[in-house]
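Structural characterization, general
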Amino acid sequence: ITTEALVRRGELERQRRIVKRRELELAGSKNFLKPRLDVISRYRWRGFGRSLLGGDDADEPFDDAFSNLLDGDFQEWALGMELNLPNGFRQAHAGVQNAQLRLARERAVLTQQERQVLHDLGNSFADMKRAFAIVQTNFNRRAAAQEELDALQARKQAEQKVDLDQLLEAWRRVTDAEVQLHRSLVEYVMAVKNVHF
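In this report, the structure presented in the accompanying data block is examined. (Residues numbered from 1 in each chain as written. Predicted model: local features only at pLDDT ≥ 70, side-chain atom pairs only at ≥ 80, totals over all residues. Heavy atoms only, no water.)

What about helix α2 (residues 10–31)?
Because each turn of an α-helix spans 3.6 residues, side chains separated by three or four positions end up pointing in the same direction. An ideal rise of 1.5 Å per residue puts 32 Å on 22 residues; α2 measures up with 32 Å between its terminal C-alpha atoms. Along α2, the residues classified as buried are L12, Q15, V19, R22, L26 and S29. Down the axis of α2, the sector holding all buried residues measures 95°, keeping them to one side. With respect to the buried face of α2, the exposed residues turned more than 90 degrees away are R14, R17 and L24. (Helix = DSSP H or I, 4+ residues; strand = E, 2+ residues; numbered from the N terminus. Expected span 1.5 Å × (residues − 1). Buried < 20%, exposed > 50% of the residue type's maximum accessible area, 1.4 Å probe, protein only. Arc of directions from axis to C-beta.)

Side note on helix α5 (residues 164–196)
Between its first and last C-alpha, α5 extends 48 Å over 33 residues, near the 48 Å set by a 1.5 Å rise per residue. Looking at α5, one finds that the buried residues are L167, A170, V174, A177, L181, S184, A191 and V195. Residues of α5 that are buried sit in contact with α4 (90–157). (Contact = heavy atoms within 4.5 Å.)

Structural notes on the pattern of salt bridges
Throughout the structure, instances matching the rule amount to 19 salt bridges. Across the pair R8 and E4 runs a salt bridge whose closest N-O atoms are separated by 3.6 Å. Of this pair, R8 and E4 both sit in helix α1 (residues 2–8), four residues apart, which is roughly one turn of that helix. Among the ionic pairs, R142 bridges to E178, the shortest N-O distance being 2.9 Å. Note that R142 is positioned in helix α4 and E178 in helix α5, a separation of 36 residues in sequence. Relative accessible area serves as the criterion here: at 24%, R142 is assigned to the partly exposed category. Connected through shared salt-bridge partners, R21, R22, E25, R102, R105 and E106 make up one network. (Salt bridge = Lys/Arg side-chain N within 4 Å of Asp/Glu carboxyl O.)

Focus on the packing of α2 against α4
Contact geometry for α2 and α4: axes closest at 9 Å, N-to-C directions at 165°. Between α2 and α4, the angle falls in the class roughly antiparallel. The way α2 lies across α4 gives a crossing that is left-handed. (Axes fitted to C-alpha atoms, helices over the stretch in contact; angles between N-to-C directions. Parallel < 35°, antiparallel > 145°, perpendicular 65-115°, else oblique. Left-handed = near helix turned anticlockwise from the far one by under 90°.)

A closer look at the packing of aromatic side chains
Counting across every chain of the model gives one aromatic pair. Note on F132 and Y188: the rings are 5.6 Å apart at their centroids and 50° apart in plane angle, and the pair reads as tilted. With F132 in helix α4 and Y188 in helix α5, this residue pair connects regions lying 56 residues apart in the sequence. Classification of F132 as partly exposed rests on a relative accessible area of 39%. (Phe/Tyr/Trp six-rings, centres within 6.5 Å; stacked < 30°, edge-to-face > 60°.)

Section: the nonpolar core
In this structure, A5, L12, V19, L26, V96, A99, L103, L110, V117 and L121 together form the largest nonpolar core, which totals ten residues. Where this core is concerned, the elements lending two or more residues are α2 and α4. When residues of this core are assigned to their parent elements, the largest contribution, six residues, is made by α4. Those residues in contact with L103 that lie beyond four places of it in its chain are V19, R22, E23 and L26. A145, L149, L152 and A170 belong to the second largest nonpolar core, which has six residues in total. (Core = buried A, V, L, I, M, F, W, Y, C linked by side-chain atoms within 4.5 Å.)

Topic: a nonpolar patch on the surface
Together, L37, V39, Y43, W45, W77, L79, M81, L83 and L85 make up a nonpolar patch on the protein surface, roughly 1,200 Å² of accessible area in all. Elements supplying a minimum of two residues to the nonpolar patch: β1 (36–45) and β2 (75–84). (Patch = residues over 30% accessible without salt bridge, like charges linked within 9 Å, V, L, I, M, F, W, Y side chains within 5 Å. Areas by Shrake-Rupley, 256 points an atom, 1.4 Å probe, with all protein chains shown as cover.)

Structure follows, in structure tokens:
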């Protein structure tokens, strides 16, 4: 039952998801501690000229930039790698420490919530056992009061001398015992409900 209580409680599931998110944030923060190597490539067409459109001399190769671009005579490409290695990784270390602290805090909250659920469950079981013991006691009390009343009524029917106050007192005890029995049954049902909660 304790396992079921720990698995099914909504607030615990919510906190487990927060812990999982913090673990992923920590893994992401640790990635910043690694050097960064990027592959860079570039390809482009160039157009050179003295004016953008329609220069004065059509025979001049660099007179019109737009037509020079469309000819495709000047194309270039570049391929390379870029390595980024920050000095000391101070920002990355601070991010990792911050993520570790947040993760530790969320794990502590989860542990405390689990303890509280187990504590509440233990209290609910103790209340249920106590309520059941009270039900048994009140049932026995009612049975004893009923036996006493039956004995007095049997004596009365057998024409033996029975004090009327004694008979009324026996009826009062039966009634009180029955009221207490039903109250204890209600308390027991409430205690069972709390265990299931």
